[in-house]
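Breakdown of the fold
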Amino acid sequence: MTSAWGRGWTTVSDEGTALDTWYPELGLGDLPTAGDGGPPPAPDPLFGTSARLAELVIDLDAAPADVADAYLRLHLLSHRLVRPRTVNLDGIFGLLPIVAWTDRGPCPLTVVEAARQRARHEGAHFQVLGVDRFPRMVDYVVPADVRIGDADRVRLGAHLAPGTVVMHEGFVNFNAGTLGTSMVEGRISQGVVVGDGTDIGGGASIMGTLSGGGVEVVTIGRQCLIGANGGVGISLGDGCVVEAGCYVTAGTKVTWPDGTVQRARELSGRPGLLFWRNSTSGTVEVRERAGTWGALNPDLHTGA
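Residues numbered from 1 in each chain as written. Predicted model: local features only at pLDDT ≥ 70, side-chain atom pairs only at ≥ 80, totals over all residues. Heavy atoms only, no water.

- Identification of the protein as 2,3,4,5-tetrahydropyridine-2,6-dicarboxylate N-succinyltransferase from Acidiferrimicrobium australe is taken from an unreviewed UniProt entry.
- If you open the UniProt record of the protein and go to Function (unreviewed entry), you find "Catalyzes the conversion of the cyclic tetrahydrodipicolinate (THDP) into the acyclic N-succinyl-L-2-amino-6-oxopimelate using succinyl-CoA."
- Per UniProt, the protein carries the Subunit (unreviewed entry) text "Homotrimer." (UniProt positions renumbered as here; feature names shortened; annotations may be inferred.)

**Structural notes on the sheet that holds strand E11 (residues 176–178)**
- Within the open sheet, the 4 strands sit side by side as E8-E11-E14-E17. Their pairing is parallel. In this open sheet, the two edge strands, each paired with only one partner strand, are strand E8 (158–159) and strand E17 (219–220).
- Relative to E11, E8 runs parallel, the two being bridged by 2 bridges. Within the sheet, the bridge partner assigned to Ala-158 lies in E11 and is Ala-176. (Pairing = 2+ DSSP bridges. Helix = DSSP H or I, 4+ residues; strand = E, 2+ residues; numbered from the N terminus.)

**So, the UniProt feature "binding site: Mg(2+) 2" (unreviewed entry) in the protein**
- This chain's UniProt record puts "binding site: Mg(2+) 2" (unreviewed entry) on Glu-169.
- Along the chain, the position of Glu-169 falls in the loop between strand E9 (165–166) and strand E10 (171–172).
- The contact partners of Glu-169, leaving out residues within four places of it in the chain, are Arg-153, Glu-185 and Gly-186. (Contact = heavy atoms within 4.5 Å.)

**Re the sheet that holds strand E12 (residues 182–184)**
- Here 10 strands make up an open sheet; going across it, the order is E7-E9-E12-E15-E18-E20-E24-E25-E22-E23 and the pairing mixed. Unpaired on one side and paired on the other, strand E7 (147–148) and strand E23 (261–263) mark the two borders of the sheet.
- Across 3 bridges, E12 lies against strand E15 (residues 198–200) in parallel orientation. Looking at the pairing, Val-184 lines up with Ile-200 of E15.

**Re the pattern of salt bridges**
- If you walk through the whole model with that rule in mind, you get 11 salt bridges.
- Measuring nitrogen to oxygen at the nearest pair gives 3.4 Å for the salt bridge that ties Glu-25 to Arg-7. Of this pair, Glu-25 sits in strand E2 (residues 18–28) while Arg-7 sits in strand E1 (residues 3–13), and the two are 18 residues apart along the sequence.
- Glu-55 is paired through a salt bridge with Arg-7; the nearest N and O atoms lie 2.5 Å apart. Of this pair, Glu-55 sits in strand E3 (residues 49–59) while Arg-7 sits in strand E1; the two residues are 48 residues apart in sequence, bridging distant segments of the chain. (Salt bridge = Lys/Arg side-chain N within 4 Å of Asp/Glu carboxyl O.)

**Description of the environment of Gly-291**
- Mapped onto the secondary structure, Gly-291 falls in the segment after strand E25 (284–288).
- Measuring from C-alpha to C-alpha, the distance between Gly-291 and Gly-239 comes to 8.0 Å, with 52 residues separating the pair along the chain.

**Examining the UniProt feature "binding site: Mg(2+) 1" (unreviewed entry) in the protein**
- In this structure's numbering, the residues bearing the UniProt feature "binding site: Mg(2+) 1" (unreviewed entry) are Asp-152.
- By the element assignment, Asp-152 lies in the loop between E7 and E8.
- A polar contact is formed between the side chain of Asp-152 and the side chain of Arg-136, at a distance of 3.0 Å. (Polar contact = N/O pair within 3.5 Å; in protein donor to acceptor, adjacent residues only side chain to side chain.)

**So, the environment of Trp-293**
- Considering the arrangement of structural elements, one finds Trp-293 in the segment after E25.
- The exposure class of Trp-293 is partly exposed, given its relative accessible area of 22%.
- Through-space distance from the C-alpha of Trp-293 to that of Trp-9 is 47 Å; in sequence the pair is 284 residues apart.
- With sequence-adjacent residues up to four places away left out, Trp-293 is seen in contact with Gly-197, Asp-199, Gln-223, Cys-224, Leu-225 and Val-241.
- A polar atom in the side chain of Trp-293 sits 3.0 Å from the backbone oxygen of Gln-223. (Buried < 20%, exposed > 50% of the residue type's maximum accessible area, 1.4 Å probe, protein only.)

**Concerning a nonpolar patch on the surface**
- Together, Ile-98, Leu-109, Val-128 and Val-131 make up an exposed nonpolar region whose accessible area comes to about 310 Å².
- When you line up the elements, Val-131 lands in strand E6 (residues 128–132).
- On the basis of relative accessibility, which here comes to 52%, the residue Val-131 falls in the exposed class. (Patch = residues over 30% accessible without salt bridge, like charges linked within 9 Å, V, L, I, M, F, W, Y side chains within 5 Å. Areas by Shrake-Rupley, 256 points an atom, 1.4 Å probe, with all protein chains shown as cover.)

**Quick word on the pairing of E25**
- Two elements, strand E22 (residues 253–255) and E25, share 2 bridges in a ladder whose sense is parallel. Paired with Thr-255 across the two strands is Glu-285, which belongs to E25.
- Pairing of strand E24 (residues 273–277) with E25, which is carried by 5 bridges, proceeds in the antiparallel orientation. Bridge assignment links Leu-273 to a residue of E25, and that residue is Glu-288.
- Hairpin connection between E24 and E25: a loop of 6 residues separates the two successive antiparallel strands, and Gly-282 in this loop has a positive phi of roughly 80°.

Listed below in structure tokens is the structure:
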């Protein structure tokens, strides 16, 4: 499918700025005739926002055209109707406004302080949860069979496969996520996908492509382990292990048991490798490995 449809509600400020769009009805293919998007959200006089019907069909191969289009793509990812890196998201940062995300909905930045004063005067209160272009995923989509320890750490547009557990210090960006049962205690950056049975250890980090102009698209294979506070800037094939505290970037020079030295980018995507830092010399070393590193605990992932 190269087309998708959505029927929902766009939050609009008094100035006419689209802040977000929520899609209770969506799918791949053409827009069905039945459906109305459900009841509209109530206007919020405190924030000066109202709801406008959004009903559209988009071309997933074309760049997003506006806020409603961009939000439909993010919803599709989080509903697991499309996988990361399969949908065109070019220019999305230029389309999405920076919004104050609150426990009563999106608020335009221009009215936050006035709204806070008015709320306190009226004996009310609201909490600002974040100031960003992307909201929390669970405020729009709650996928089945996953666990998320801290909702603030998973952005809308993340793709979490059934059986995934994101612990409290884990983080999953938009257009990134898991393709199978995984333990996420570290960071999955934009554009990164993680295979079935893989454990991203506490404090571990996988480099994405958003910052610094990087072009490497990183894939972590199945049954991999990235140890606590370790990380990679290259792809890992199936069955790879990175020792705790060892960070392997594309330019890292790694040494084989026979003394041969290679840059890690030359090993990107190769299965069955073990990377570790020699605690005596500080050299990053690599060797081929087989067997299991212990695998995920099924009790932690059944029904997530």
